[in-house]
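Listed here are the chains, written in short residue letters.
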Amino acid sequence: MCRLAAYLGPAVPIAHVVVDPAHSLLEQSQHANEAKLAVQGDGFGFAWYAEGAGPGLYRDVLPAWSDGNLLSLCKMIRSPLFLAHVRASTTGETTRLNCHPFAHRSWSFMHNGQVPDIDCIRRTLESMLPDDLYLARRGTTDSELLFLLLLAHGLEDNVAEAVQAVVALLQEHSCYGHGCDEAVRLTCVMSDGDAIYAFRHSSDARAPSLYVAETAEGGWILASEPLDAETLVWTAIAPDSLLTLSRDGVRRTPLELRLARAA
């Protein structure tokens, strides 16, 4: 499983989350505590927002700890909103196009988890994409396909409804715990540049971990694992709810994700 983090608040260097804390995202890439694998070495990336349309994006296939540019970029780039991800691949080759976050127009997206039978249902799900989103796809991961499906189902208009629609598609078309050796697991974080949205869901009630904490400066951090338990108070995000971080604070919206599978 991957590790991820996101920040919203007064502009800070990306290193404030990715490098500096005792259990930073960079540290988690080699010593994760709440993942299947302790090491997340199949690439990394971050997306950040500043002036202009859409996010900046930096991704590479190297393990995060071995990229010579990462420390310098994280120290020099300041942003009021950014997403960062270290990858342990489940689907798709280790290529730059398969590294998270993914971006389309003003949106960025990253995922920790898996759709274990994605190759069996990929063609069905891809057929639901309008032409512009189908052509926007660059990689081969289940994660990027989830992002494009969310956009196709109205992510830009209503995040909660888009999430509910895409989970319902997985419940309808995937094995969803029936005949799969592994479960469908989704912990997703996304942003439109104004707010950050996150949700957790799985077919076996074991969605990958996600925590939130408020900083002393009035910002908010999301992370797969607490970055620094000594200086910040971390709260686990409940599954099957949409967390929205904005300049107005935190909002939690229940999601109707536990739908009955058709016989």
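As the structure is a prediction and not an experimental result, all values here were calculated from the model.

Novice: I'm lost on the overall build of the chain in this one. Help?
Specialist: Along the chain, the regular secondary structure elements total 7 helices and 13 strands. Its C-alpha radius of gyration of 17 Å places the chain within 12% of the 18 Å reference for a compact globule of 263 residues. By its C-alpha atoms, the chain is 50 × 35 × 35 Å across when sized along the principal axes. Relative to its 263 residues, the chain shows a buried fraction of 57%. Surface summary for the chain: the accessible area is close to 11,300 Å², and the carbon and sulfur share equals 50%. A gap of 2 Å separates the mean positions of the 20 positive and 32 negative side-chain charges of the chain.

Novice: Explain unusual backbone geometry to me, please; I cannot follow it from the model alone.
Specialist: In most cases, non-glycine residues show a negative phi, while peptide bonds are predominantly trans. Note the cis peptide between H100 and P101, where omega equals -5°. Relative to the assigned elements, P101 resides in the loop between strand 4 (78–86) and strand 5 (102–104). Phi is positive for R105, which is not a glycine, with a value near 50°. In this fold, R105 is placed in the loop between strand 5 and strand 6 (107–114). The partly exposed category is assigned to R105, whose relative accessible area is 46%.

Novice: Would you mind going over the pairing of strand 13 (residues 249–254) with me for this structure?
Specialist: Two faces make up the sheet, and in a regular strand the side chains alternate between them. Across 6 bridges, the pairing between strand 12 (residues 241–246) and strand 13 is antiparallel. Considered in strand 13, the bridge of S246 is made with G249.

Novice: Can you help me understand the packing of aromatic side chains in this one?
Specialist: Counted according to the given criterion, the structure contains 6 aromatic pairs. Relative to F82, the ring of Y7 lies with its centre 5.4 Å away and its plane at 25°, an arrangement referred to as stacked. In this pair, Y7 sits in strand 1 (residues 3–13) while F82 sits in strand 4, placing the two residues 75 residues apart along the sequence. Under the relative-accessibility criterion, Y7 is labelled buried at 1%. For the pair F44 and Y58, a centre-to-centre distance of 5.9 Å together with 55° between the ring planes defines the contact as tilted. Separated by 14 residues along the polypeptide, F44 in strand 2 (residues 44–49) and Y58 in strand 3 (residues 56–60) bring together distant segments of the chain. Assigned by exposure class, F44 and Y58 land together as buried.

Novice: Would you explain the layout of surface pockets in this entry?
Specialist: Where empty space is left in the structure can be found by rolling a water-sized probe over the atoms. Its volume calculated, the second largest pocket comes out at about 160 Å³. H16, D20, P21, T215, A216, E217, I221, L227, D228, T231 and L232 are the residues that line the second largest pocket. Looking at the lining of the second largest pocket residue by residue, the classes come out as 5 nonpolar, 3 polar and 3 charged.

What counts and how
Residues numbered from 1 in each chain as written. Predicted model: local features only at pLDDT ≥ 70, side-chain atom pairs only at ≥ 80, totals over all residues. Heavy atoms only, no water. Helix = DSSP H or I, 4+ residues; strand = E, 2+ residues; numbered from the N terminus. Rg over C-alpha atoms; globule rule 2.2 N^0.38 Å. Buried < 20%, exposed > 50% of the residue type's maximum accessible area, 1.4 Å probe, protein only. Areas by Shrake-Rupley, 256 points an atom, 1.4 Å probe, with all protein chains shown as cover. Lys, Arg positive; Asp, Glu negative; His and termini not counted. Charge placed at Lys NZ, Arg CZ, Asp CG, Glu CD. Pairing = 2+ DSSP bridges. Phe/Tyr/Trp six-rings, centres within 6.5 Å; stacked < 30°, edge-to-face > 60°. 1 Å grid on protein atoms, 1.4 Å probe; cavity = no way out; pocket = protein on both sides within 12 Å on 5 of 7 lines; lining within 4 Å. Points joined across faces, edges and corners; volume = space filled by probe spheres on them. Nonpolar A, V, L, I, M, F, W, Y, C, P; charged D, E, K, R; others polar.

In short, the description is geometric, and any link to function would need to be established separately.
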